[in-house]
Amino acid sequence: MTTVPAARGPDRRLAVPELLDALLADGLISGAQRKEITIKVDVTRDKRHPLDILAGADWPDPRKAGGKLTMDVLTQWLAARHNMGWMRIDPLSIDVAKVTSVMPYAYAARVRVLPVKVTPTEITVATAEPLEREWENELARIIPQAIKRVVANPGDIERYLVEFYALARSVKASNEERRMLPAGSQNLEQLMELGRKGKLTADDQHVVAIVDWLLSYAFDSRASDIHLEPRRDSSHVRFRIDGVLHEVYQMPTPVMIAVTSRFKILSRMDVAEKRKPQDGRIKTRSPNGKEVELRASSLPTAFGEKLVMRIFDPEVLVRDFSALGFSDADADHWNDMIRAPHGIILVTGPTGSGKTTTLYTSLKQLATSEVNVCTIEDPIELVEPSFNQMQVQAGIDLTFASGVRALLRQDPDIIMIGEIRDLETAEIAIQAALTGHLVLSTLHTNDAPSAITRLLDLGVPPYLIKATLLGVVAQRLVRRLCPHCKLPSVPDPEAWSELVGSDKRVPIPAEVRQPVGCLECRETGHLGRLGLYEIMPLSTGVKRLIDRQTDIADLRRQALREGMVPLRVAGAMKIAAGQTDIEEVLGATPVVTLD
């Protein structure tokens, strides 16, 4: 590739003809392609950035089979040609408050640059115009740090230039309105300020803008949870993405209080009540028009109300079982259980292991016009029109048990109970199963065999477990390897031995895939999550072992003899298929002992 020195003469912007000449000289396009686009595009009237015009041509990349000359490829090529760095702008890695303090918005918008990183010695500025340098000289006169220029997508620069400065402006304006106010009576460590007056409101335009930005940003980032965490001076916003929390933004605590109040209004919570936890829900639309539900939960803490919002994507209900992570054999076993006319099916695992997603996906498939599906939940996770959903209300003595009793008078075919927590709920679930209903519910146990001993510990008689329980599924979620950057590696025999133990069903593979990190996965090496499943149907052999003195090790041995795949072995299968890595599975699954 030909490189050119940075321009030192008069500044000028890129033009389509010179970029076409450069691409032709570097062998990335042909003369025919050059001629074709000059016929299609009137470069004198098209106001788009030249890179946008060229990326829109959708040309193949001759250097890579199946590759395209996308915007990322073209900006990387342009950066290398001008001896500059390249960057894909990732909002999660940018300190918005810092970068927007480098230069005013009006100036940044005029010269079309965006500060993206600030350190004590250097400021990194993204540009899509490598031949423009005058702004660099002007900026150097007023800042002490060195300036590093990088090439970035012009569309990203334009978008985040508006978003970052709008957010910073809203936070600053909101803070100025509130900086004379005390942090609020709910802050146990507030500093008492005398003689300060004013009234806190959550309805001003600045707070609305901040809330709108946070929601849009969370949807774009594939976040599953939004955490608003107040502190004494500076409060934190964090997103959970693929099971890992990322800090997104810091804002003054008075602004955080107003943002929290705005979310409480949207969630239909009591804004004035700050002393006790509350629950609520929001229904909105993502930037691409999809309906999205959020379940909000507030909690009083030492520095104010902490708010967590769980984001539910309705599209999970239309996924098939393979998309959730079920193998073909797992899906067959699971379908056999959920298609039974009556009985109890239990899904076990810790909080956040995907139990609700599995149940909702299954119920969605079962909820045809010929059946009546009823649920009782605490709280309702996702409102689904094809179910009849009821929420536990402890204040009026509407518990899981009393709720199921009411549901049984509603002519149900299938009942989903959010969780079996006590003997009363277990007994009413068994009664429902005995009277011809299919019951799905959850338990908190480490693995599938432990669900049997958990029911026995609650006081359920062994003969009722044998008569009603169809099977148990234990599950975990692990992060999926990023398909864009995962690389082959040789597996560690010791780690593999720790993973599968004496189970010989998955021999150590010749190679596995390991996480690397790229722009697509935000340098984490993982993109999305998938489920691991341990399915234990209640066979005749397993039933024979259920009594008051049931030994869980005996249950597990019998289930393994009958083909049950433990969670770790299920994980090993996913590793051998190149879907996840050993560290993920070891960290998410329990050690199985047969002693």
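If you're wondering where the values come from, they're calculated on a predicted model, not measured in any experiment.

1. Comments concerning the overall build of the protein chain
Alright, step 1. For the protein chain, the helix and strand inventory stands at 22 helices and 19 strands.
Alright, step 2. The contacts of the protein chain with a sequence gap of at least 6 include a subset with a gap of at least 24, amounting to 65%.
Alright, step 3. When the accessible surface of the protein chain is totalled, it reaches about 28000 Å², and 51% of it is carbon and sulfur.
Alright, step 4. Side chains of the protein chain give 74 positive and 78 negative charges; the mean places of these two sets differ by 3 Å.

2. Structural notes on the environment of Asp336
Alright, step 1. Tracing the backbone through its elements, the reader meets Asp336 in helix H12 (residues 328-338).
Alright, step 2. For Asp336, a relative accessible area of 58% translates into the label exposed.
Alright, step 3. Separated by 318 residues in sequence, Asp336 and Glu18 have C-alpha atoms that sit 64 Å apart.

3. Section: the pairing of strand E10 (residues 304-312)
Alright, step 1. Most of E10 sits out of view: 7 of its 9 residues are buried.
Alright, step 2. Pairing of strand E5 (residues 225-229) with E10 involves 4 bridges; the strand directions are antiparallel. The partner of Asp225 across the bridge, within E10, is Arg310.
Alright, step 3. Where strand E9 (residues 291-301) lies against E10, 9 bridges are found, and the strand directions are antiparallel. Counterpart to Arg295 in the pairing with E10 is Arg310.
Alright, step 4. Counting the residues that bridge the hairpin from E9 to E10 gives 2 residues.

4. Digging into the packing of helix H1 (residues 16-25) against helix H4 (residues 71-81)
What describes two packed helices is the angle between their axes and the distance between those same axes.
Alright, step 1. Remark: H1 packs on H4, axes separated minimally by 12 Å, with the N-to-C direction vectors making an angle of 85 degrees. On the basis of the axis angle, H1 is roughly perpendicular to H4. The segment H1 lies against H4, with Leu19, Ala22 and Leu23 engaging Leu74, Trp77, Leu78 and Arg81.
Alright, step 2. Of the residues contributing to the contact of H1 with H4, the split by class is 6 nonpolar, no polar and 1 charged.

5. Re the UniProt feature "domain: Bacterial type II secretion system protein E" (unreviewed entry) in the protein chain
Alright, step 1. Taking the numbering used here, the UniProt-annotated feature "domain: Bacterial type II secretion system protein E" (unreviewed entry) corresponds to residues 408-422.
Alright, step 2. For residues 408-422, the end-to-end C-alpha separation is 19 Å, with 0% helix and 27% strand making up the annotated structure.

6. A closer look at the domain arrangement of the protein chain
Alright, step 1. Entries for the protein chain in the domain assignment read domain 1 (16-83), domain 2 (86-173), domain 3 (189-312) and domain 4 (321-484 + 528-588).
Alright, step 2. Between domain 1 and domain 2, the C-alpha centre-to-centre distance is 25 Å.
Alright, step 3. In this complex, domain 1 contributes 11 residues to the contact, which on the side of domain 2 involves 10 residues.
Alright, step 4. Across the interface of domain 1 and domain 2, roughly 950 Å² is buried in total on both sides, 66% from carbon and sulfur atoms.
Alright, step 5. Seen at the junction of domain 1 and domain 2, the total is 1 salt bridge.
Alright, step 6. As a salt-bridge pair, Arg88 and Asp72 come within 1.8 Å of each other at their nearest N and O atoms.

7. Quick notes on the sheet that holds strand E11 (residues 343-348)
Alright, step 1. Spatially, 7 strands are ordered E13-E12-E14-E15-E11-E16-E19 in an open sheet, and the strand pairing comes out mixed. With one partner strand each, in any of the chains shown, strand E13 (388-391) and strand E19 (526-537) form the two edges of the open sheet. Mean inter-strand twist for the sheet, computed between neighbouring axes without regard to direction, equals 20 degrees.
Alright, step 2. Sheet analysis places E11 next to strand E16 (residues 469-481), joined by 5 bridges and oriented parallel. Note that in E16 the partner of Ile345 across the bridge is Gly471.
Alright, step 3. On top of the sheet, helix H15 (residues 423-434) reaches E11, strand E14 (414-417) and strand E15 (438-443); it is set at about 135 degrees to E11, its chief contact.

8. With respect to the confidence of the model for the protein chain
Alright, step 1. In the predicted model, the protein chain carries a mean pLDDT of 87, and 92% of its residues have values of at least 70.
Alright, step 2. Within the protein chain, the element-level pLDDT minimum falls on helix H8 (residues 154-178), averaging 83, and the maximum on E11, averaging 96.

9. Section: unusual backbone geometry
Alright, step 1. Of note, the bond from Asp378 into Pro379 is cis; its omega dihedral lies within 30 degrees of zero at -10 degrees.
Alright, step 2. The phi dihedral of Asn83 falls on the positive side, at around 55 degrees, and the residue is not glycine.
Alright, step 3. As for its placement among the helices and strands, Asn83 is situated in the loop between H4 and strand E1 (85-86).
Alright, step 4. In this structure, Arg522 takes a positive phi of about 55 degrees despite not being glycine.
Alright, step 5. Here Arg522 shows up in the loop between strand E18 (512-514) and E19.

10. Here's the deal with the nonpolar core
Alright, step 1. In this structure, Leu228, Phe239, Val259 and Phe263 are the most contacted members of the largest nonpolar core, which totals 61 residues.
Alright, step 2. When residues in this core are grouped by element, the largest group, 9 residues, is from helix H9 (residues 205-220).
Alright, step 3. Formed jointly, this core draws a minimum of three residues from each of two domains, domain 2 (86-173) and domain 3 (189-312).
Alright, step 4. Apart from the residues within four sequence positions on either side, Phe263 is in contact with Val211, Leu214, Leu215, Leu228, Ile282, Leu307 and Met309.
Alright, step 5. Counting 56 residues, the second-largest nonpolar core is a separate cluster that includes Leu407, Ala433, Leu443 and Leu456.

11. A closer look at the sheet that holds E9
Alright, step 1. A sheet is described by the order of its strands in space; here 6 strands give the open sequence E7-E6-E5-E10-E9-E8, paired in antiparallel fashion. What marks the edges here is a single partner per strand, and that holds for strand E7 (244-252) and strand E8 (278-285). Taken pair by pair, the neighbouring strands of this sheet meet at an average axis angle of 20 degrees, ignoring direction.
Alright, step 2. Across the face of the sheet, H9 comes into contact with E5, strand E6 (234-241), E7, E8, E9 and E10 while running at roughly 25 degrees to E6.

12. What to know about the packing of aromatic side chains
Alright, step 1. According to the stated counting rule, one finds 9 aromatic pairs in the structure shown.
Alright, step 2. Considering the side-chain rings of Tyr360 and Phe387, the 5.9 Å spacing of their centres and the 50 degrees angle between planes classify their relative orientation as tilted. With Tyr360 in helix H13 (residues 355-366) and Phe387 in the loop between strand E12 (373-377) and E13, the pair connects residues that are 27 residues apart, well separated along the chain.
Alright, step 3. The class of Phe387 is buried, set by a relative accessible area of 5%.
Alright, step 4. Cluster of aromatic residues (ring-pair linked, three or more members): Trp213, Tyr217, Phe239 and Tyr249.

Each value, and the rule that gives it
- Residues numbered from 1 in each chain as written.
- Predicted model: local features only at pLDDT ≥ 70, side-chain atom pairs only at ≥ 80, totals over all residues.
- Heavy atoms only, no water.
- Helix = DSSP H or I, 4+ residues; strand = E, 2+ residues; numbered from the N terminus.
- Contact = heavy atoms within 4.5 Å.
- Areas by Shrake-Rupley, 256 points an atom, 1.4 Å probe, with all protein chains shown as cover.
- Lys, Arg positive; Asp, Glu negative; His and termini not counted.
- Charge placed at Lys NZ, Arg CZ, Asp CG, Glu CD.
- Buried < 20%, exposed > 50% of the residue type's maximum accessible area, 1.4 Å probe, protein only.
- Pairing = 2+ DSSP bridges.
- Axes fitted to C-alpha atoms, helices over the stretch in contact; angles between N-to-C directions.
- Parallel < 35°, antiparallel > 145°, perpendicular 65-115°, else oblique.
- Nonpolar A, V, L, I, M, F, W, Y, C, P; charged D, E, K, R; others polar.
- UniProt positions renumbered as here; feature names shortened; annotations may be inferred.
- Domains from an automatic or database assignment.
- Buried area = accessible area lost by both parts, 1.4 Å probe.
- Salt bridge = Lys/Arg side-chain N within 4 Å of Asp/Glu carboxyl O.
- pLDDT = per-residue confidence, 0-100.
- Core = buried A, V, L, I, M, F, W, Y, C linked by side-chain atoms within 4.5 Å.
- Phe/Tyr/Trp six-rings, centres within 6.5 Å; stacked < 30°, edge-to-face > 60°.

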